[in-house]
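Here is what each chain is made of, one letter per residue.
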Amino acid sequence: MPTYQMRQDVYENLSLAQLAHDFDTIYSSAYSVSLFTNWQDEIFNQVWLKSKLTNDQTFSLGEDFFGAKTAKENLHPVPGVGAKNCTAQLGVPGDWLDRMPHFRMDFTPSKGQELQSEYILAREHAYDALCALSKIRKHIAPHLFISEVRTIAQDELWLSPSYKQDSVAFHFTWQEKWEQVQQVLPLIEAQLEPFQAKPHWGKLFTTSPSKIQSLYEKMPAFQQLASSKQGCSQSVGTLVSVSKSQL
């Protein structure tokens, strides 16, 4: 698509309760929306709104966003960390590639030394799942740098966590303490189990292989396809060997 301009605005202290009836409105309020929480309280420390601009469009989002207040300076998602690594905020227009990422391309992303987990579930369960996690926040918070809540559009990829469902993702950026994190992950997975949450394939989780396989309706078809492809490869290899032996 043609290149475009964006602006990024950050708000502070959005109540979890606000999402009970306004989740879809909040997540439809900009081109990209991320909520950040350290799970200390039932509060999202920051709301990041990335808005697409057209034809040199300018606008103001106002001082209040569903009870959250506009930030007066650039912020890092992790409380207490300086914002020099982050992309420009405060509504300053810029190229999309300098606004869509949270972090500048020439700087260290996120915290740096960290562990990561992420769980994806149907968007319709977002608020109830967040409330379920809030019940164990005293176990999450001590080992966490920050947690991000984002949404994902559905797709048609067989082993995608968002296969045929609009989704919400709960991301956890952990302190680099695997022994402690390893104890917390099963608690999170138990709270999210009623919502059929799928762990991100490339991040840390403790969900069993059998449980994961049961969450993917196309897993049997994928396994059958993989098996047939393997059979084809073996057949080709046999034919090549036979051909060579006949030379």
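As the structure is a prediction and not an experimental result, all values here were calculated from the model.

Regarding the overall build of the chain
In step 1: Within the chain, the regular secondary structure consists of six helices and 10 strands.
In step 2: Looking at the chain as a whole, 41% of its 247 residues qualify as buried.
In step 3: Across the chain, every contact between residues at least 6 apart in sequence was considered, and the portion connecting residues at least 24 apart equals 69%.
In step 4: When the accessible surface of the chain is totalled, it reaches about 13,500 Å², and 51% of it is carbon and sulfur.

Thoughts on the side chain of Gln8
In step 1: If you trace the backbone, Gln8 turns up in strand β1 (residues 5–15).
In step 2: Setting aside residues no more than four positions away along its own chain, Gln8 makes contact with Trp48, Leu49, Lys50, Thr87, Ala88, Gln89, Leu90, Gly91, Arg99 and Pro101.

Description of the nonpolar core
In step 1: If you look at the biggest cluster of nonpolar residues, it comprises 40 residues, and the most contacted ones within it are Leu35, Ile140, Phe170, Phe172, Trp174, Ile188 and Leu192.
In step 2: In this view, Leu35 contacts Leu14, Leu19, Tyr27, Phe44, Gln46, Val47, Ser147, Glu148 and Val149; residues no more than four positions away in its chain are not counted.
In step 3: Core analysis: the second largest hydrophobic core is formed by 10 residues, Val10, Phe36, Ala71 and Phe145 among them.

Considerations on the packing of helix α2 (residues 126–134) against helix α4 (residues 178–192)
In step 1: For the pair α2 and α4, the least separation of the axes is 9 Å and the interaxial angle reads 140°. Where α2 crosses over α4, the handedness of that crossing is right-handed. Taken together, the residues of α4 that come into contact with α2 (itself represented by Ala129, Ala132 and Leu133) are Ile188, Gln191 and Leu192.
In step 2: Grouping the amino acids of the contact of α2 with α4 by side-chain chemistry returns five nonpolar, one polar and no charged.

Notes on the pattern of salt bridges
Where charged atoms from two side chains of opposite charge approach closely, those side chains can pair.
In step 1: Enumeration over the complete set of coordinates arrives at eight salt bridges.
In step 2: Arg7 is the salt-bridge partner of Asp9, the closest N and O atoms lying 2.7 Å from each other.
In step 3: With relative accessibility at 8%, the residue Asp9 sits in the buried group.
In step 4: In this structure, Arg137 and Glu42 form a salt bridge, with 3.7 Å as the shortest nitrogen-oxygen distance. Here Arg137 is found in helix α3 (residues 137–140), whereas its partner Glu42 is found in the loop between β2 (32–37) and β3 (43–53), with 95 residues between them in sequence.
In step 5: Assessed through its relative accessible area of 24%, Arg137 is described here as partly exposed.
In step 6: By relative accessible area, which is 44% here, Glu42 ends up partly exposed.
In step 7: Within the structure, one salt-bridge network assembled from shared partners comprises Glu118, Arg150 and Lys203.

Looking at the confidence of the model for the chain
In step 1: Across the chain, pLDDT averages 90, with 88% of residues at or above 70.
In step 2: Confidence drops under pLDDT 50 across residues 238–247; counting only partners more than four residues distant or on other chains, this segment forms zero contacts.

Focus: the environment of Arg7
In step 1: If you trace the backbone, Arg7 turns up in strand β1.
In step 2: On the accessibility criterion, Arg7 (9% relative accessible area) is buried.
In step 3: Arg7 sits 42 residues away from Leu49 along the chain, and the two C-alpha atoms are 8.2 Å apart.
In step 4: In this structure the side chain of Arg7 is engaged in a polar contact, spanning 2.7 Å, whose partner is the side chain of Asp9.

What about a nonpolar patch on the surface?
In step 1: On the surface, a cluster of nonpolar side chains totalling about 310 Å² of accessible area is made up of Trp96, Leu97 and Met105.
In step 2: By the element assignment, Trp96 lies in the loop between β6 (94–95) and β7 (115–122).

Quick look at the packing of aromatic side chains
In step 1: Enumeration over the complete set of coordinates arrives at nine aromatic pairs.
In step 2: Within the aromatic cluster, the residues linked to one another by ring pairs are Tyr4, Tyr31 and Trp96.
In step 3: If you follow Lys52 out to its NZ or CZ, it ends over the ring of Tyr4, 4.4 Å from the centre.
In step 4: The ring of Tyr216 has Lys198 sitting right over it, with the charged end atom 5.5 Å from the ring centre.

Rules behind the numbers
- Residues numbered from 1 in each chain as written.
- Predicted model: local features only at pLDDT ≥ 70, side-chain atom pairs only at ≥ 80, totals over all residues.
- Heavy atoms only, no water.
- Helix = DSSP H or I, 4+ residues; strand = E, 2+ residues; numbered from the N terminus.
- Buried < 20%, exposed > 50% of the residue type's maximum accessible area, 1.4 Å probe, protein only.
- Contact = heavy atoms within 4.5 Å.
- Areas by Shrake-Rupley, 256 points an atom, 1.4 Å probe, with all protein chains shown as cover.
- Core = buried A, V, L, I, M, F, W, Y, C linked by side-chain atoms within 4.5 Å.
- Axes fitted to C-alpha atoms, helices over the stretch in contact; angles between N-to-C directions.
- Left-handed = near helix turned anticlockwise from the far one by under 90°.
- Nonpolar A, V, L, I, M, F, W, Y, C, P; charged D, E, K, R; others polar.
- Salt bridge = Lys/Arg side-chain N within 4 Å of Asp/Glu carboxyl O.
- pLDDT = per-residue confidence, 0-100.
- Polar contact = N/O pair within 3.5 Å; in protein donor to acceptor, adjacent residues only side chain to side chain.
- Patch = residues over 30% accessible without salt bridge, like charges linked within 9 Å, V, L, I, M, F, W, Y side chains within 5 Å.
- Phe/Tyr/Trp six-rings, centres within 6.5 Å; stacked < 30°, edge-to-face > 60°.
- Lys NZ or Arg CZ within 6 Å of the ring centre and 35° of its normal.

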